[in-house]
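Summary of the model geometry
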Amino acid sequence: MKKWRNCKFRTQLFASFTLVIGIIILSLGIILYIYLGSSYREQEEEILTTQAKQVAINTDSCLAYYEAYMNLLQKDSHFLNLLKADTYEEASEYLKKMTAEFMTLNSGRISEINLYKQGFYDEKHENFRKNHKACVKEQLGKSEYAYEGTYLNDRNEKVFSFYKRIYQPNPKRWFYIEFRIYETELYRFFNEDKSGNDIVIYNGDAVMSMSDRSYFSKELQRRKVNPEGAFILKDSNGKIPILAETDNGWKVVVNTDLNYLKRGLWEVFGRMLPIIFLIIVATFFIVSFISNQLNKRLGIIQKKIMAIGHDEYEENGKAQIEGLNEFKVLESEIDRTKLHINQLLAEIENRNKSKRTAEMVALRAQINSHFLFNALATLKWLTRSEEGTRILPEAIEKLAVFLRYSISMQENQVELKRELQQLEAYVYLQKLKCGDELNVVVDIDDELLNCVTVKLVLQPLLENAILHGRKEDGSVLNVTIYSLYDDTYYDLVVEDDGNGMTQERISLVKDGSVGGKNGSYGLKNVMDRIDICTGGEGEVTIESEIDKFTKIVVKQKR
């Protein structure tokens, strides 16, 4: 209930109407099910009964055709004379010749025709279906005709046997004919049924054909292996049998279920679905129209309040509510509040921008002044020797290149190739001072030359390597400046084989609290400018080991 009270008015309104419509539709469905369900069931049962009767009649008519032919055979005088003379072999041969044309005309319908005597199979057929001798004898003892349920012959074909007693000289002795007929003669009467119902044809208790071909084949195969067992029918729990019978003992059973019998009702419901859908849609439109006037104004106010926390003033700050009412007054107050907040945010942004610019200027000025002091000291040192005086003009030109690049305050980021040009001038000046004690190798991939880098990054890092990396024994300091990159970032690496730093000193450098004669403010300066200019996306990492190496990596976006 608490969640319901917390829902919006429009949601409550829609939910209420939906619930009412749902109850109405459900009630209508229950009424239709109660009053129409039985009617549709009776109608489907009548259709299935008619179908079953038709299959039974067709089956009866089909067997009448073979019965008529048996009667013709019985009237053949020569055949009867052979039977009276008890010449079984000659009678069998004559029967084969007499039925040869019939067998040819019905080759797809009948498998074979055999002659038997005294209710027992002759020696030729003694190994075939012994367990049914007593059954056939019992049927023929009561009637002229007998049927044997479908079985698999030697070729695994589905056949059933139709017997007729044709001559009986005394009650204990008789001759009879067997027609082995293909089971498809019966299956063809319902093989096009698409209902999904199980259809089974019986003669008496014998199963003659069924619609489930897979189950039928498996069961016949089982009975061929174990002929003593009875035919096991499919589990019919939950099924409703529809029965049709003929006077000759043929029985057709259609096993269906309640869903099929009421499919007409489901079809009615299916046809009603579009109507129900239209009713629901129309209801939603009506509810929407009723609640629109109130919810439209509440929605505008809600959007304006939410816009205070987002940069959406241009879209939602305009007046949208017409008239002079409480909603209009509230909207105007929200607009004024939003405008005032935007003005305050703009002022704060301008102040932060000015602060960042001032910080960058101060940091770069720190680098410039420090380098200028060192460069002038180098030039002074050059004037002390004749060789130095000779190269002094070139040194001053390199200093001018460096100063033009570094003193310019118009840009904080430049192409990497410009940074490398400035670095070249700086390396030249440092070589003048350090001579062979300094070896600098620059190996930057050409693919990165047009990438943007923070200005004055490499020179302070090289200067830091020279100041803190050179050893007291005067051994050569090797400094390598190289690059690494992937699709998103690239690294500028300054690595030397000098004195190295302890982890404690690295932590002090990062905190900006390094003291000493030379300090390491140049490294901290680079770290601060990388953070400011890249908005926190770039970083500077330091790796070092005492008396082995120091490696500084500057990571930036490409």
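Residues numbered from 1 in each chain as written. Predicted model: local features only at pLDDT ≥ 70, side-chain atom pairs only at ≥ 80, totals over all residues. Heavy atoms only, no water.

For the record, the criterion: UniProt positions are given in the numbering used here, feature names are shortened, and annotations may be inferred rather than shown by experiment.
For the protein chain, the name recorded in an unreviewed UniProt entry is Sensor histidine kinase, with Hungatella hathewayi as its organism. Quoted verbatim from the Subcellular location (unreviewed entry) field of the UniProt record, the comment on the protein chain reads "Cell membrane".

1. Considering the sheet that holds strand 10 (residues 438-443)
Definition in use: When DSSP locates at least two bridges between a pair of strands, those strands are taken to pair. Strands are runs of DSSP state E lasting at least 2 residues, helices are runs of H or I lasting at least 4, and numbering of each runs from the N terminus. The angle between two axes is taken between their N-to-C directions and runs from 0 to 180 degrees, where each axis is a line fitted to C-alpha atoms and a helix contributes only its stretch in contact. Every residue pair with non-hydrogen atoms within 4.5 Å of one another is taken to be in contact.
The mixed open sheet is built from 5 strands, whose spatial order is 10-12-13-15-14. Both outer strands of the open sheet, strand 10 and strand 14 (539-545), are each paired with one neighbouring strand and no more. Recorded for the sheet is a direction-independent mean angle of 15° between the axes of neighbouring strands. Bridge count between strand 12 (residues 477-485) and strand 13 (residues 489-496): 7 bridges; the pairing is antiparallel. Counted as the bridge partner of Tyr482 is Val493 from strand 13. Helix 14 (residues 416-434) contacts strand 10, strand 12 and strand 13 of the sheet and is inclined by roughly 165° relative to strand 10.

2. Regarding the packing of helix 14 against helix 15 (residues 458-469)
As a reminder of what qualifies: Roughly parallel covers angles under 35 degrees, roughly antiparallel covers those over 145, roughly perpendicular covers 65 to 115, and oblique covers all other angles. Handedness of a helix crossing follows the sense of rotation of the near helix relative to the far helix, less than a right angle counterclockwise being left-handed and clockwise being right-handed. Under this grouping Gly is polar, as are all residues other than the nonpolar Ala, Val, Leu, Ile, Met, Phe, Trp, Tyr, Cys and Pro and the charged Asp, Glu, Lys and Arg.
It is at 9 Å that the axes of helix 14 and helix 15 come closest, and there the two elements cross at 25°. Classified by the angle between their axes, helix 14 and helix 15 sit roughly parallel to one another. Considering the relative orientation of helix 14 and helix 15, their crossing is right-handed. The segment helix 14 lies against helix 15, with Glu419, Leu420, Gln422, Leu423, Tyr426, Val427, Gln430 and Cys434 engaging Leu458, Gln459, Leu462, Glu463 and Ile466. In terms of residue class, the contact of helix 14 with helix 15 is made up of 8 nonpolar, 3 polar and 2 charged.

3. Details of unusual backbone geometry
Of all residues except glycine, most have a negative phi; of all peptide bonds, most are trans. Phi at Asn156 is positive, roughly 60°, even though this residue is not glycine. Its place among the elements puts Asn156 in the loop between strand 2 (145-152) and strand 3 (158-170). We note that Asp547 has phi near 65°; this positive angle belongs to a residue other than glycine.

4. Regarding the sheet that holds strand 1 (residues 110-117)
Here we have 4 strands laid out as an open sheet, ordered 1-4-3-2, and antiparallel in their pairing. Two strands bound the open sheet, and with one partner strand each, they are strand 1 and strand 2. On average, adjacent strands in this sheet sit at an angle of 20° to one another, irrespective of strand direction. In terms of strand pairing, strand 3 meets strand 4 (residues 173-182) through 9 bridges, oriented antiparallel. Directly across from Arg165, in strand 4, lies its bridge partner Tyr176. Lying on the sheet, helix 3 (residues 77-84) is in contact with strand 1, strand 3 and strand 4; it crosses strand 3 at an angle near 70°. Packed on one face of the sheet, helix 4 (residues 88-98) meets strand 1 and strand 4 and runs near 160° to strand 1.

5. Structural notes on the side chain of Asp60
Note the cut-off: When a residue's accessible area, from a 1.4 Å probe over protein chains only, is under 20% of the maximum for its type it is buried; when over 50% it is exposed; and in between it is partly exposed. In this tally Asp and Glu are treated as negative and Lys and Arg as positive; neither His nor the chain ends contributes. Here a salt bridge means any side-chain nitrogen of Lys or Arg lying within 4 Å of a carboxyl oxygen belonging to Asp or Glu.
Looking at the element boundaries, Asp60 is found in helix 2 (residues 9-74). The buried charged residue Asp60 lacks any salt bridge partner; its closest oppositely charged side chain belongs to Arg188, at an N-O distance of 12 Å. The residues contacting Asp60, other than those within four sequence positions of it, are Thr246, Asn248 and Trp250.

6. Remarks on empty space enclosed by the protein
Rule in force here: The way it works is a 1 Å grid over only the protein atoms, where trapped points that fit a 1.4 Å probe form a cavity and open points with protein on both sides within 12 Å along at least five of seven lines form a pocket, and then any residue with an atom within 4 Å of a point lines it. Grid points are joined across faces, edges and corners, and a volume is the space filled by probe spheres set on the points.
Applying the stated criterion across every chain yields a total of 3 cavities of 30 Å³ or more. Estimated volume of the second largest cavity: approximately 70 Å³. Sorting the residues of the lining of the second largest cavity by element identifies helix 15 and strand 15 (549-557) as the ones contributing at least two each. Among the elements that take part in the lining of the second largest cavity, helix 15 stands out by supplying 4 residues, more than any other. Classifying every residue of the lining of the second largest cavity gives 3 nonpolar, 5 polar and 1 charged.

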